[in-house]
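What follows is the residue order along each chain.
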Amino acid sequence: MQETEVIIVDGIAQDTYLDICRKAVEYAIISIPFTYNRIGIKGLKRKIANIAKGKLAENLFFYFCESNQIDINKSLGQTPFYMPDKTDFVFQDAEWDIKNNFIYHKGDYLYKKYYKWLPGLIPNHTRTDQWSRRNRLAIDSSFDKKYLFTFLKGGESLDERTPLIEVHLSEKQARFLDGLYQQFRSNRRPKVQPFEESVFWHQFFEGANRALLFKLRAFPFLIITGYAGRNQWQHFKDCGVNRTWNNGLLRTRINNSYSRIHKLPSFASLVPHLKKQLNLAHFSHPKGRANPFLL
């Protein structure tokens, strides 16, 4: 793919962005009794924030698609909060998972360094990781499995200590979540809904201010780049552990299978109508913000 096929979603209003982030944080909280080990209140807040960051990228992408009449189906693959999702969305008869990573750089945009040189990463840390399941389908009506590679700016540098999403939990709320963890520790995958969501939130927020649940430090733009399916697997290879990429733009801890984005087809190539009209976003240009109608 070319740099001018990278989509930069920078037109989402801040109040809408906050609402999208709130939904991500609340999903992380209600699902956490079924996804985490006992790690104390500080670790619990970090775990919730990490889940929320991934969900934030996913929700931003969905909002972009809705605003641009991109006919994705997110209901087929997504499941209730107490069950693992089958896939993030279905599009053009394929199951898609969004692989988002956080990059670190000065300024709002990564111009002149090129998004297309970033790595598309698929976890390959264990035998059951996503790379080993890259050809496994979860939905009867789908015919292929694909990964979409997106990026969000996480901060100015890799050494930055301030998290993008800061979750605020009282001791009472932490005890409440830990109590649910204990209750379902022998049944992490219940077959029926374990409790009503309205009852959960009433108990969780009792005596607390819902507006103070989290703090979003910035409003990073969603960067939508390339994708990979069975026709692109030959471009991927292992990267090893504890790797720093692109002179400090990105760091990975575990082993991943990766390909440089420029070797992959662009998501934009699947939705050619975006070249005529692109809402909430523009196409990347190495010299600066460009008019998408001129590319």
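The text that follows walks through the structure, step by step, so that each part is easy to find. (Residues numbered from 1 in each chain as written. Predicted model: local features only at pLDDT ≥ 70, side-chain atom pairs only at ≥ 80, totals over all residues. Heavy atoms only, no water.)

Looking at the overall build of the protein chain
Along its length, the protein chain carries four helices and 13 strands. On C-alpha atoms alone, the protein chain measures out to a radius of gyration of 19 Å, which is about the 19 Å that the 2.2 N^0.38 rule sets for 295 residues. Counting only C-alpha atoms and orienting by the principal axes, one finds that the protein chain spans roughly 55 × 40 × 40 Å. For the protein chain, the proportion of its 295 residues judged to be buried stands at 51%. With an accessible surface of roughly 14800 Å², the protein chain has 48% of that area assigned to carbon and sulfur atoms. (Helix = DSSP H or I, 4+ residues; strand = E, 2+ residues; numbered from the N terminus. Rg over C-alpha atoms; globule rule 2.2 N^0.38 Å. Buried < 20%, exposed > 50% of the residue type's maximum accessible area, 1.4 Å probe, protein only. Areas by Shrake-Rupley, 256 points an atom, 1.4 Å probe, with all protein chains shown as cover.)

So, helix α1 (residues 14–31)
An ideal rise of 1.5 Å per residue puts 26 Å on 18 residues; α1 measures up with 26 Å between its terminal C-alpha atoms. Turning to α1, its buried residues number three or more, namely Y17, I20, C21, A24, V25, E26, A28, I29, I30 and S31. (Expected span 1.5 Å × (residues − 1).)

Thoughts on the sheet that holds strand β4 (residues 119–123)
The three strands lie next to each other as β4-β12-β9, forming an open sheet whose pairing is antiparallel. In this open sheet, the two strands that pair with only one neighbour each are β4 and β9 (237–238). Pairing of β4 with strand β12 (residues 256–260), which is carried by five bridges, proceeds in the antiparallel orientation. Looking at β12, one finds that P119 is bridged to R260. (Pairing = 2+ DSSP bridges.)

Observations regarding the pairing of strand β8 (residues 222–228)
Among the seven residues that make up β8, seven are buried, leaving the element largely enclosed by the rest of the structure. Relative to β8, strand β1 (residues 7–9) runs antiparallel, the two being bridged by three bridges. Bridging across to β8, I8 finds its partner in I223. Across four bridges, the pairing between strand β5 (residues 144–155) and β8 is antiparallel. Within β8, the position partnered with T150 by the bridge is I224.

Side note on the sheet that holds strand β3 (residues 94–104)
In space, the six strands of this open sheet follow the order β2-β3-β5-β8-β1-β13, with mixed pairing throughout. A single partner strand is all that each edge strand has here, and the edge strands are β2 (89–91) and β13 (282–283). For β1 and β13, the ladder comprises two bridges, and the chain directions are antiparallel. Bridge pairing in β13 places I8 opposite H282.

What about the side chain of N101?
Within the secondary structure, N101 is located in strand β3. Classification of N101 as buried rests on a relative accessible area of 18%. Those residues within four positions of N101 in sequence are excluded, and the remaining contacts are L121, T150, F151, L152 and L250. (Contact = heavy atoms within 4.5 Å.)

Remember that the coordinates give geometry; whether it matters functionally is a separate question.
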